[in-house]
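Residue strings, one per chain:
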Amino acid sequence: MQTTDQLVSAIAQTIPAHQPANKYVFFCVGTDRSTGDSLGPIVGTLLEEAGYQVIGTLDNPAHAENIRERINEIPPESIVVGIDACLGMLSSIGKIKVDYGPVKPGAGLGKELPPVGDYHIIGIVNIGGFMEYYVLQNTRLSLVMDMAKKIVTAIQTAIPICQGNKEVAAAIEPLSNQKTILEENKMKKSDGHCKKS
């Protein structure tokens, strides 16, 4: 299982980070009705709470039944990063892959769904090859949560969100007030000095 730093490096090397964060849309595929398939919605929820543009959360998931409609919600000219869970080899469980091209929802379950994204991040949550629905249902939630947190931390590091104008103004205001007070004190000291001389 790779470290968060390795995942940050993989994202930085694959997904262009020179664009403003609001140019990115994270399309998180999955449903909270299946533990293994909840990786996408959990990541989407955490990213949305952090201020990123997201389609697909625990409250409003993007899944097989509505994915075509949810794709229509993507703003034009966005950089779309598809995020989904998948099944793989036993030795690969817990690994997170970042690559060019769209994510292909439902491919591991034999479903034909439209691909989504300019780039994709997929997490291997369990072993594939047999009884996929049952395997997804019986995936450990602790593994999914650990992977989701790692993905979100890596995205926040590789593609950080700049503070909005209100936050910046709020941060600057106390400094401005402090500067004004210092200038007033300086003037008072200067006046006092002149009177003494």
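Please refer to the structure placed before this passage.
None of these values were measured; they are calculated from a predicted model.

Draft legend 1. Summary view of the packing of helix H1 (residues 4–14) against helix H5 (residues 141–158). At a minimum axis distance of 9 Å, the contact between H1 and H5 shows a crossing angle of 55°. One finds that H1 runs oblique with respect to H5. Between H1 and H5 the crossing geometry is right-handed. Note on element contacts: H5 touches H1 through Lys150, Ile151, Thr153, Ala154, Ile155, Thr157 and Ala158, opposite Thr4, Leu7, Val8, Ile11 and Ala12.

Draft legend 2. Examining unusual backbone geometry more closely. You will see that Glu77, though not glycine, has its phi angle at about 65°, which is positive. Its place among the elements puts Glu77 in the loop between helix H3 (67–71) and strand E3 (79–88). The class for Glu77 is exposed, based on a relative accessible area of 69%.

Draft legend 3. Examining the nonpolar core more closely. By size, the foremost hydrophobic cluster in this structure holds 33 residues, and its most contacted members are Ile11 and Phe26. Excluding anything up to four places from it in sequence, Phe26 contacts Leu47, Tyr52, Gln53, Val54, Ile55, Val81, Ile83, Ile155 and Ile159. Membership of the second largest hydrophobic core comes to 11 residues, among which are Val29, Val80, Leu113 and Ile122.

Draft legend 4. Structural context of helix H2 (residues 39–49). Burial analysis of H2 places 8 of its 11 residues in the buried class, the great majority of the element. Every buried residue of H2 is listed here: Leu39, Gly40, Pro41, Ile42, Val43, Gly44, Thr45 and Leu47. Among the structural elements, strand E1 (24–28), strand E2 (54–55), E3, strand E5 (119–127) and H5 are those in contact with the buried residues of H2.

Draft legend 5. Just the pairing of E5, in detail. Among the 9 residues of E5, 8 are classified as buried, and the element is accordingly described as predominantly covered. The pairing of E3 with E5 spans 8 bridges and is parallel. Bridge pairing in E5 places Asp84 opposite Ile122. Note: strand E4 (residues 96–100) against E5, 5 bridges, orientation antiparallel. Across the sheet, residue Tyr100 finds its bridge partner in E5, namely Tyr119.

Draft legend 6. Region of interest: the packing of aromatic side chains. According to the stated counting rule, one finds 3 aromatic pairs in the structure shown. Judged by centre distance (5.6 Å) and plane angle (85°), the ring pair of Phe26 and Tyr52 falls under edge-to-face. With Phe26 in strand E1 and Tyr52 in the loop between H2 and E2, the pair connects residues that are 26 residues apart, well separated along the chain. Considered together, Phe26 and Tyr52 belong to a single accessibility category, that of buried residues. The structure contains a cluster of three or more aromatic residues connected by ring pairs, namely Tyr24, Phe26 and Tyr52.

Draft legend 7. Spatial organisation of the environment of Ile83. Residue position: Ile83 is located in strand E3. For Ile83, a relative accessible area of 0% puts it in the buried group. Sequence-wise, Ile83 and Lys97 are 14 residues apart; in three dimensions their C-alpha atoms are separated by 10.0 Å. Not counting residues up to four positions away in its chain, the partners in contact with Ile83 are Phe26, Phe27, Cys28, Val29, Gly40, Val43, Leu47, Ile121 and Ile155.

Thresholds, definitions, all that
Here the residue numbers are simple positions, counted from 1 along each chain's written sequence. Reporting in this predicted model follows two pLDDT cut-offs: at least 70 for local features of residues, and 80 or more for side-chain atom pairs to be given and counted; totals over whole chains, interfaces and linings ignore these cut-offs and use all residues. Values reported for side chains reflect all heavy atoms of the structure, with hydrogen atoms and water molecules removed beforehand. Lines fitted to C-alpha atoms define the axes, with helix axes restricted to the stretch in contact, and inter-axis angles between N-to-C directions lie between 0 and 180 degrees. Labels follow the DSSP assignment, with helices taken as runs of H or I lasting at least four residues and strands as runs of E lasting at least two, numbered in each case from the N terminus. For classification, angles of less than 35 degrees are called roughly parallel, those exceeding 145 degrees roughly antiparallel, those between 65 and 115 degrees roughly perpendicular, and all remaining angles oblique. Put simply, a crossing is left-handed when the front helix is turned counterclockwise from the back one by less than a right angle, and right-handed when it is turned clockwise. Throughout, a contact is declared for two residues whenever any of their heavy atoms are within 4.5 Å. With a 1.4 Å probe rolled over the protein chains alone, any residue whose accessible area is under 20% of its type maximum counts as buried; one over 50% counts as exposed, and the rest are partly exposed. Residues belong to one nonpolar core when they are buried, are Ala, Val, Leu, Ile, Met, Phe, Trp, Tyr or Cys, and are joined through side-chain atoms within 4.5 Å. Here a strand pair is declared whenever DSSP counts at least two bridges between the two strands. Each pair of aromatic rings taken from Phe, Tyr and Trp, with Trp reduced to its six-membered ring, is defined by centres within 6.5 Å and is described as stacked if the planes are under 30 degrees apart, edge-to-face if over 60, and tilted in the remaining cases.

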